[in-house]
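# Survey of secondary and tertiary structure
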Amino acid sequence: MNERAIKKLRHKFILTATISFVGVMVVMFLIIYSVNVVTTLRQISYTFTYLYEHDGEITVDDNANKEELMKEIRPEDRNFFIQAAQDLLNTGFSSTEFIYSIRYFSVTYNSDNQPVKVVSKHMAMVDDTQAVKIADKALKSSDDSGNYDGMMYQKKKVGNNTLVIFVDVSGQFANVRRIGSILVAITLLGSILALIVFRLISERVIRPEIEAAEQQKRFITNAGHELKTPLAVIRANTELEMMMHGEDEWNQSTMNQVDRMTGLIRDLVLVAKAEEQEDKKELSVIDASETVKKAVDDFSSVAEKNGIKLAQEIADGVSLKMNPDLLTQLAVILTDNAVKYCDENGTVTVKLVQKGKGIRLAVSNNYAEGGGVDYSKFFDRFYRKDESHNIDKGGYGIGLSIAEGIVSKYNGSINASWKDGVITFECKIKG
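The structure reproduced in this document is the subject of the present report. (Residues numbered from 1 in each chain as written. Predicted model: local features only at pLDDT ≥ 70, side-chain atom pairs only at ≥ 80, totals over all residues. Heavy atoms only, no water.)

### Observations concerning the nonpolar core
Core analysis: the biggest nonpolar cluster contains 45 residues, and V292, M322, L330 and L334 have the highest contact counts within it. Going through the elements one at a time, α8 (288–297), β7 (309–314), α10 (324–341), β9 (347–355), β10 (358–366), α11 (399–409), β11 (413–419) and β12 (422–429) are the ones with two or more residues in this core. Among the elements that take part in this core, α10 stands out by supplying eight residues, more than any other. In contact with L330, not counting residues within four places along its chain, are L361, A403, I406, V407, C427 and I429. Formed by 15 residues, the second largest nonpolar core is a distinct cluster that contains M123, A135, A138 and Y153. (Core = buried A, V, L, I, M, F, W, Y, C linked by side-chain atoms within 4.5 Å. Buried < 20%, exposed > 50% of the residue type's maximum accessible area, 1.4 Å probe, protein only. Helix = DSSP H or I, 4+ residues; strand = E, 2+ residues; numbered from the N terminus. Contact = heavy atoms within 4.5 Å.)

### Observations concerning the side chain of N365
For N365, the location among the structural elements is in strand β10. Those residues in contact with N365 that lie beyond four places of it in its chain are A338, Y341, C342, T347, V348, G421, V422 and I423.

### Digging into a negative patch on the surface
A cluster of like negative charges, contributed by E241, E247, D248 and E249, occupies part of the molecular surface. Secondary-structure assignment places D248 in the loop between α6 (170–245) and α7 (249–274). According to the relative accessible area criterion, D248 is partly exposed, its value standing at 34%. (Patch = residues over 30% accessible without salt bridge, like charges linked within 9 Å, V, L, I, M, F, W, Y side chains within 5 Å. Areas by Shrake-Rupley, 256 points an atom, 1.4 Å probe, with all protein chains shown as cover. Salt bridge = Lys/Arg side-chain N within 4 Å of Asp/Glu carboxyl O. Lys, Arg positive; Asp, Glu negative; His and termini not counted. Charge placed at Lys NZ, Arg CZ, Asp CG, Glu CD.)

### A few points about unusual backbone geometry
The general pattern is negative phi for most residues beyond glycine and trans for most peptide bonds. Positive phi, normally seen in glycine, also occurs at D55, with a value near 55 degrees. Within the element layout of this structure, D55 appears in the loop between α1 (3–53) and α2 (63–73). For D55, a relative accessible area of 45% gives the class partly exposed. Even without glycine at this site, D149 takes up a positive phi of about 50 degrees. With respect to the secondary-structure elements, D149 resides in the loop between β3 (145–148) and β4 (151–158).

### What to know about a nonpolar patch on the surface
Taken together, the side chains of L189, I192, L193, I196 and L200 make up a nonpolar region of the molecular surface, amounting to roughly 490 Å² of accessible area. L200 gets classed as exposed once you look at its relative accessible area, which sits at 52%.

### Things to note about the packing of α8 against α10
Where α8 meets α10, the axes come as close as 9 Å, and the angle between the chain directions of the two elements is 45 degrees. Considering their axes alone, α8 and α10 lie oblique with respect to each other. Note that α8 runs across α10; the crossing there is right-handed. Where α8 abuts α10, its residues A288, T291, V292, A295 and V296 lie against P324, L327, T328, A331, V332 and T335. Taken together, the residues that form the contact of α8 with α10 break down as eight nonpolar, three polar and no charged. (Axes fitted to C-alpha atoms, helices over the stretch in contact; angles between N-to-C directions. Parallel < 35°, antiparallel > 145°, perpendicular 65-115°, else oblique. Left-handed = near helix turned anticlockwise from the far one by under 90°. Nonpolar A, V, L, I, M, F, W, Y, C, P; charged D, E, K, R; others polar.)

### Comments concerning the packing of aromatic side chains
Applying the stated criterion to the full structure yields five aromatic pairs. A ring pair is formed by Y148 and F166, whose centres lie 6.3 Å apart and whose planes are at 80 degrees; its orientation type is edge-to-face. Taken together, the residues Y148 in strand β3 and F166 in strand β5 (residues 161–168) connect sequence positions 18 residues apart. Its relative accessible area of 1% is what places F166 among the buried residues. (Phe/Tyr/Trp six-rings, centres within 6.5 Å; stacked < 30°, edge-to-face > 60°.)

### Focus on α6
Over its 76 residues, α6 extends 108 Å from the first C-alpha to the last, a length consistent with the 112 Å expected when each residue adds 1.5 Å. The largest bend in α6 amounts to roughly 30 degrees and is located at I206, with the proline P208 lying one to four residues further along. (Expected span 1.5 Å × (residues − 1). Bend = angle between axes of the 7 residues up to and from the residue.)

### Looking at the pattern of salt bridges
A full pass over the atoms with the stated rule returns eight salt bridges. For E57, the salt bridge identified is with K121, shortest N-O distance 3.6 Å. Of this pair, E57 sits in the loop between α1 and α2 while K121 sits in the loop between β2 (115–119) and α5 (128–140); the two residues are 64 residues apart in sequence, bridging distant segments of the chain. Between R235 and E239 there is a salt bridge; the shortest N-O distance is 3.7 Å. On the criterion of helical spacing, the pair formed by R235 and E239 is a turn pair, its members being four residues apart in helix α6. Note on E239: relative accessible area 36%, which makes it partly exposed. Several salt bridges converge on common partners, so that one network encompasses E57, K117 and K121.

### Description of the sheet that holds β12
Spatially, the five strands line up as an open sheet ordered β7-β9-β10-β12-β11, and their pairing is mixed. In this open sheet, the two edge strands, each paired with only one partner strand, are β7 and β11. When the angles between neighbouring strand axes are averaged without regard to direction, this sheet yields 15 degrees. As judged from the seven bridges shared by β11 and β12, these two strands associate in the antiparallel manner. Bridge pairing links A416 to F425 in β12. With respect to the sheet, α8 is in contact with β7, β9 and β10, its orientation differing from that of β7 by roughly 175 degrees. (Pairing = 2+ DSSP bridges.)

Dropping the structure here:
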């Protein structure tokens, strides 16, 4: 994995970790907020229930009545687990003091919709006249419950009368909103802190990987230079032996292996260089059509010699901001691969079209035995479909890996597909 791929993986890790963290926080806080809302609504519901059970007025005259009141509010025979849940969510009244903290007023109407009883002493800003005026509006409403100026109301038939109760819930919902605001603030602050922490952690985690990738590239480059000298000596000695004693199968095999090793070292160095970063600001727009045509034309004689038809469907005027040497190398790798593995008397087709500011390069060839092959492995270094590593057709199994490295430098993609006896390698490179 090169440095650019490692950094890209780091960014994905930061994004994934941050989204996961934020997602967990949002879910947790939604649960907390929902429980708070449900608890508040249930507490309000208990308030209305108790007021209706006591004809719209709370009265506690002595300690005996208080104890009775607590039994009504907190029945002792309730299931233990239900009681524990109620205590946890605080959906009931925690003490008789809570009864006195309720701000409410009630109006009782007879069958003729005339007020016969008004209780307004528990609402400081509302007197009897205002209570009746407000309750009249609720009485005429078609809804049995609703909201009015920070209060919730309910109306209910009690015998022949209608009881309308208003409860001030502004404080309770202010607490709900306050908790919601705190949760949002915590989520935002936690997300920012998490992003900072993930960036710091990921930077320390990937630093050894980047250093290892750099060391690997230096090793390949240095090893390539070091191996050139002994290979040159072997070649020189073998050529001298051939001059002195003539060619035979043994010295010819040695020369073939020297050539093969020299080519392998060259390609390994190309792999290392293909993974190096490149300053795109120094690049200029090139004529991709002309560059690809020149690269493909070099294979005309090879294709003709092997009885293969080489077809070019290259659109004119295709341009791209890219290193021309890398585009040439990409076209050479794909065309060489197609010519080598094309079926006898088959056709190799090279297509190039403009795609926005980028290009689409596709090279296909006849390949009857391509069905059921895992083409994703074709881009692995040193991969060969023939596990015996038959070298009759040349190559080292790293050409497509080099092509993938070139394409990835420009945030592009490369893939292989097979259909109706034809295999196609398609590259999409962004401009």
